[in-house]
Amino acid sequence: MDAGTLQRWLEAAAESLHEQRDYLTQLDAAIGDADHGANMDRGFAAVVEKLDGLDGATPGKLLTTAGSTLVSKVGGASGPLWGTALRRAGRALGDDATFDEQALAAALEAALAGVVELGAAQEGEKTMVDTLAPAVRTFRSEVDQGTELAAALAAARAAAEDGMRATTPLQAAKGRASYLGERSIGHQDPGATSSALIIAALERTVAQSP
Ligand code: ADP
Ligand code: MG
């Protein structure tokens, strides 16, 4: 994998978030303030535009630039959280021109650690962490067992979607949805949903890579 892989991933994520913008907004209308679709769509569209003008960047630089763009363009909680995730992942990739599945696993772990450090959410608190933690854990475990990259990402995507669906019966303990208390129960978390879309975009991108 190289910078092109990551650029195609973020483009695919932006497209998916744009397509699902209204759905994400509906989810956020139920337990938040109805801006999650707009936040993610605007943020990732800005990332795509920024990366278009970034020629010859290393994979690490590409992700740190994408992360900084999200932080500066998105006001909601999801901007700094995903921005931090991508910046940490970029830092983990360092200055190399290419990276393998072990390096990707380390980058995803760094991304998750950044989200947890900033947002202080643990699994089970009805946030994007409920999607990202099982996805990262599954990818790491598959890679360490020698599973081939595309299959490891498919397993990670399935774990992400399971985690996303499992947010529905939970009561939110972090973020805006936590203000609702018990009334947050019975709704799928918007950030967990957009995070599953972003992981699914990574799976598709790698599966389609030459
Ligand atoms: P805001 O809540 O500021 O309107 P968004 O609507 O864009 O921001 O994003 C809401 C999502 O952010 C939630 O669905 C949740 O997944 C995620 N989120 C909120 N707070 C946290 C946190 N402390 N840690 C992890 N994720 C969080
Ligand atoms: Mg919101």
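Each value, and the rule that gives it
Here the residue numbers are simple positions, counted from 1 along each chain's written sequence. Throughout, the order in which chains and ligands are written sets their labels, letters from A for the former and numbers from 1 for the latter. Under the rules for a predicted model, residues below a pLDDT of 70 receive no local features and side-chain atom pairs below 80 are neither given nor counted, while totals for whole chains, interfaces and linings still include all residues. Excluding hydrogens and water, the side-chain values take into account all heavy atoms of the structure. Coordination here is defined by N, O and S atoms within 2.8 Å of the metal (3.2 Å for Na, K and Ca), and since water is not considered, a site can look incomplete. Here the term buried applies to any residue with accessible area under 20% of the maximum for its type, exposed to any over 50%, and partly exposed to those in between, with areas from a 1.4 Å probe on protein chains only. For each residue, the test is whether any non-hydrogen atom lies within 4 Å of the molecule or strand; if one does, the residue is near. Each polar contact in these results corresponds to two N or O atoms within 3.5 Å; when the atoms are within protein, one needs to be able to donate a hydrogen and the other to accept it, and residues that are neighboring in sequence are counted only if both atoms are side-chain atoms. Only DSSP runs of H or I reaching four residues or more are called helices, and only runs of E reaching two or more are called strands; each is numbered from the N terminus. Grouping buried Ala, Val, Leu, Ile, Met, Phe, Trp, Tyr and Cys residues that are joined through side-chain atoms within 4.5 Å yields what is termed a nonpolar core. The contact definition used throughout considers only heavy atoms, calling two residues in contact when any of these lie within 4.5 Å. A helix's residues, less one, multiplied by 1.5 Å, set its expected span. The working definition used for a salt bridge is a side-chain nitrogen of Lys or Arg within 4 Å of a carboxyl oxygen of Asp or Glu. Patch membership requires more than 30% relative accessible area and the absence of a salt bridge. Residues of like charge join within 9 Å; the nonpolar side chains Val, Leu, Ile, Met, Phe, Trp and Tyr join within 5 Å. Note on areas: Shrake-Rupley with a 1.4 Å probe; residue coverage comes only from the protein chains shown. Within this scheme the basic residues Lys and Arg register as positive and the acidic residues Asp and Glu register as negative, but His and the chain ends are omitted. Charged side chains are reduced to one point each, which is NZ for Lys, CZ for Arg, CG for Asp and CD for Glu. The convention used is that axes are lines fitted to C-alpha atoms, helices contributing only their stretch in contact, and that angles between N-to-C directions extend from 0 to 180 degrees. In these notes the angle categories are as follows: under 35 degrees is roughly parallel, over 145 is roughly antiparallel, 65 to 115 is roughly perpendicular, and the rest is oblique. Note on convention: the crossing is left-handed when the near helix lies turned anticlockwise from the far helix by less than a right angle, right-handed when the turn is clockwise. In this classification, Asp, Glu, Lys and Arg are treated as charged, Ala, Val, Leu, Ile, Met, Phe, Trp, Tyr, Cys and Pro as nonpolar, and every other residue, Gly included, as polar. As used here, the arc is the angular range of directions from the helix axis to the C-beta atoms.

A. Up close: the coordination of the magnesium ion (ligand 2). The protein atoms that coordinate the magnesium ion (ligand 2) are D28 (OD), D33 (OD) and D35 (OD), at distances of 2.0 to 2.2 Å. Binding-site remark: the magnesium ion (ligand 2) is held by donors from one chain whose sequence spacing is D-x4-D-x1-D. Given a relative accessible area of 8%, D28 falls into the buried group. Overall, D35 belongs to the partly exposed group, its relative accessible area being 25%.

B. Region of the structure containing the site of ligand 1. Around ligand 1, 20 residues are found, and the nearest of them are N39, A77, S78, G119 and D189. With respect to ligand 1, the backbone of A77 contributes an N or O atom lying 2.9 Å from an oxygen atom. Within the backbone of G191, one N or O atom sits 2.9 Å away from an oxygen atom of ligand 1. When residues of the shell around ligand 1 are traced back to their parent elements, those giving at least two are α3 (36–52), α5 (78–93) and α9 (190–208). With three residues, the single largest contributor to the shell around ligand 1 is α9.

C. Local environment of the nonpolar core. Core analysis: the biggest nonpolar cluster contains 52 residues, and W9, L10, F44, L63, W82 and F139 have the highest contact counts within it. Looking at this core, the elements with two or more residues in it are α1 (3–19), α3, α4 (59–73), α5, α6 (101–119), α7 (129–144), α8 (149–165) and α9. Tallying contributions element by element places α1 first for this core, with eight residues. Ignoring any residue separated from it by four or fewer positions in sequence, one finds F44 in contact with L10, A13, A14, L17, L70 and I198.

D. Structural detail: α8. With 17 residues, α8 should cover 24 Å at 1.5 Å per step; its first-to-last C-alpha distance of 24 Å lies within 8% of that length. Looking at the buried residues of α8, the elements they touch are α6, α7 and α9.

E. Spotlight on the pattern of salt bridges. Summed over all chains, the structure comprises ten salt bridges. Between R140 and D144 there is a salt bridge; the shortest N-O distance is 3.2 Å. You can see R140 and its partner D144 sitting in helix α7, four residues apart, about one turn around the helix. Take R140: its relative accessible area is 19%, and that puts it in the buried class. The salt bridge involving E161 is made with R157; its shortest N-O contact spans 3.3 Å.

F. Geometry of a negative patch on the surface. Among the surface-exposed residues, E11, E15, E19, E49, D52 and D55 lie close enough to one another that they form a single negatively charged patch. Listed by contribution, the elements that provide at least two residues to the negative patch are α1 and α3. With three residues, the single largest contributor to the negative patch is α1. We classify D55 as exposed; its relative accessible area is 74%.

G. Region of interest: the packing of α1 against α4. Two numbers describe how α1 lies on α4: the axes approach to 8 Å, and their chain directions differ by 25°. By the criterion of interaxial angle, the relationship of α1 to α4 is roughly parallel. Along this stretch, α1 crosses α4, giving a crossing that reads as right-handed. Packed against α1, whose contacting residues are A3, L6, Q7, W9 and L10, the element α4 presents P59, L62, L63 and A66 at the interface. Among the residues forming the contact of α1 with α4, the class breakdown is eight nonpolar, one polar and no charged.

H. Quick look at helix α2 (residues 21–31). For α2, the full list of buried residues reads L24, L27, D28 and I31. Buried residues in α2, looked at end-on, bunch into an arc of 95°, giving them a common side. Counted as exposed and oriented over 90 degrees from the buried face of α2: D22 and Q26. Close packing links the buried residues of α2 with α1, α3 and α9.

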